[in-house]
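Below, each chain spelled out in residue letters.
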Amino acid sequence: MNQLKNDRYLRALQCLPVDYTPIWMMRQAGRYLPEYRQLRAKAGDFMTMCQTPELACEVTLQPLRRFDLDAAIIFSDILTIPDAMGLGLYFEAGEGPKFAKTISHLSDIEKLPIPDPQLSLSYVMDAISLTKKELNGKVPLIGFSGSPWTLATYMIEGGSSKAFTKIKKMLYSNPKALHLLLEKLSTSVALYLNAQIEAGAQSIMIFDTWGGVLSHQSYQIFSLNYMQLILSKLKRGNKTPDITSYVPVTLFTKGGGLWLDNIVNTGCDAIGVDWTVNLSDIRQKGKIAVQGNLDPSVLYADRQTIQSNVDTVLKEYGTENGHIFNLGHGIHQDIPVEHVQYLIEAVHQRSKRFHHD
């Protein structure tokens, strides 16, 4: 195994001391980069890029050639599992993901297979193995999945949604059907993430993008309980002096600021938070890692404003160990590339005074 040259991200995830706050960005491999857009035009469509390990590897590495990021995240999509279940994922220009088939009845759910990640999702494992080799220990590689609730929203709504009426109708009128779907998705996600760990992912992130649309009680029952179930099945390894012997897991619920204590109690290693959370209010700092939480729109601003906002986030977190700097959600596609450089330089330089390593 290649020696890890930069382990700050993994150290921060275990709340160990670092010399500066590590940073990576959600959607760091993506449309804001001109080289990504060129490759996408050449590939023809998004799913071809996801399902071709060489292309997925290339896209994963693109931001690391430009920026001094502290982690890579495998280029893929959260909706690979529903696609492998036979729903037919495709992308329409300007409209986001769509499914050829949707789920509306208990009978639809009963017919859904549990995908074997080594068969129908092998392209993701191949991309991880190849990328890990190409990284050659430069930085850790993050694997990921969508949460069961978030995957279910797309499967039932047929794509993105504003009001989530179809899935909420099922939640309240036929909870038994929804629970069966979430159970199948939990099993599928756990198998998928364990396969990613086996392929070489050194950290795992579960994106609960739409957990924040639920009521307080429903969030616990229909989203968090299933993420906790997945956590109980993941082969995370053991914490030893060799930092790479353990695979930390981050749970990120967008709009989940009200439920941070509940999320902490799942046994995850880190909580991802969006920009609505004040980091100084997090009670468990230093015991559980925290990822976040700059508003991505700050990156439209000039260098000085970006630096000032970085200072605010760093001061809110303070001097405890366990902070991973990130955006509160994915980077916008029209952000100027040099502004990303300003952000990363600001985090690395300005965070040193908060660390004593």
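Reading the values: rules and limits
- Residues numbered from 1 in each chain as written.
- Predicted model: local features only at pLDDT ≥ 70, side-chain atom pairs only at ≥ 80, totals over all residues.
- Heavy atoms only, no water.
- Pairing = 2+ DSSP bridges.
- Helix = DSSP H or I, 4+ residues; strand = E, 2+ residues; numbered from the N terminus.
- Phe/Tyr/Trp six-rings, centres within 6.5 Å; stacked < 30°, edge-to-face > 60°.
- Buried < 20%, exposed > 50% of the residue type's maximum accessible area, 1.4 Å probe, protein only.
- Right-handed = clockwise from strand over helix to strand, strands pointing away.
- Core = buried A, V, L, I, M, F, W, Y, C linked by side-chain atoms within 4.5 Å.
- Contact = heavy atoms within 4.5 Å.

Observations regarding the sheet that holds strand E6 (residues 249–253)
- Taken in spatial order, the 7 strands line up as E1-E4-E5-E6-E7-E8-E9 in an open sheet, and their pairing is parallel. Since the sheet does not close on itself, it has two edges, and those belong to strand E1 (72–73) and strand E9 (323–327), each with one partner.
- Relative to strand E8 (residues 289–294), strand E7 (residues 270–272) is paired through 3 bridges, and the arrangement is parallel. Across the sheet, Gly-272 pairs through a bridge with Gln-291, a residue of E8.

Focus on the packing of aromatic side chains
- On inspection of all chains with the given rule, the structure shows 7 aromatic pairs.
- A ring pair is formed by Phe-144 and Phe-207, whose centres lie 5.6 Å apart and whose planes are at 90°; its orientation type is edge-to-face. Residue Phe-144 is found in strand E4 (residues 141–146), and its partner Phe-207 is found in strand E5 (residues 203–208); the two are separated by 63 residues along the sequence. Here Phe-144 matches Phe-207 in class, with each residue buried.
- What links up through ring pairs into an aromatic cluster is the set Tyr-36, Phe-46, Phe-75 and Phe-91.

Focus on the pairing of E6
- Counting buried positions along E6 gives 5 out of 5 residues, so the element sits mostly inside the fold.
- Side chains Val-249, Leu-251 and Thr-253 of E6 all project onto a buried face; the interleaved residues Thr-250 and Phe-252 project onto the opposite face, where all are buried too.
- Where E5 meets E6, 5 bridges bridge the pair, whose relative direction is parallel. The partner of Asp-208 across the bridge, within E6, is Thr-253.
- This β-α-β element, E5 to helix H11 (residues 216–233) to E6, shows right-handed connectivity.
- Two strands pair when backbone bridges link them, and E6 and E7 are joined in this way by 3 bridges, in the parallel orientation.

Quick word on the nonpolar core
- Within the largest apolar cluster, 128 residues are counted, with the highest numbers of intra-cluster contacts made by Trp-24, Phe-75, Leu-178, Leu-181, Ile-271, Phe-325 and Leu-343.
- The leading source of residues in this core is helix H10 (residues 175–199), at 12 residues.
- Apart from residues lying up to four places away in sequence, Phe-325 is in contact with Thr-21, Pro-22, Ile-23, Trp-24, Gly-292, Leu-294, Val-310, Val-313, Leu-314, Leu-343 and Val-347.

So, helix H5 (residues 80–87)
- When you tally the buried positions in H5, you get 6 out of 8 residues, the bulk of the element.
- Considered for burial, the residues of H5 that qualify are Thr-80, Ile-81, Pro-82, Asp-83, Met-85 and Leu-87.
- Remark: Gly-88 follows H5 within two positions and exhibits a positive phi of approximately 75°.

Considering the pairing of E5
- Of all 6 residues making up E5, 6 are buried, and the element is well covered by its neighbours.
- A two-sided burial pattern is seen for E5, the buried positions comprising Ser-203, Met-205 and Phe-207 on one face and Ile-204, Ile-206 and Asp-208 on the other.
- In terms of strand pairing, E4 meets E5 through 5 bridges, oriented parallel. Looking at E5, one finds that Gly-143 is bridged to Ile-204.

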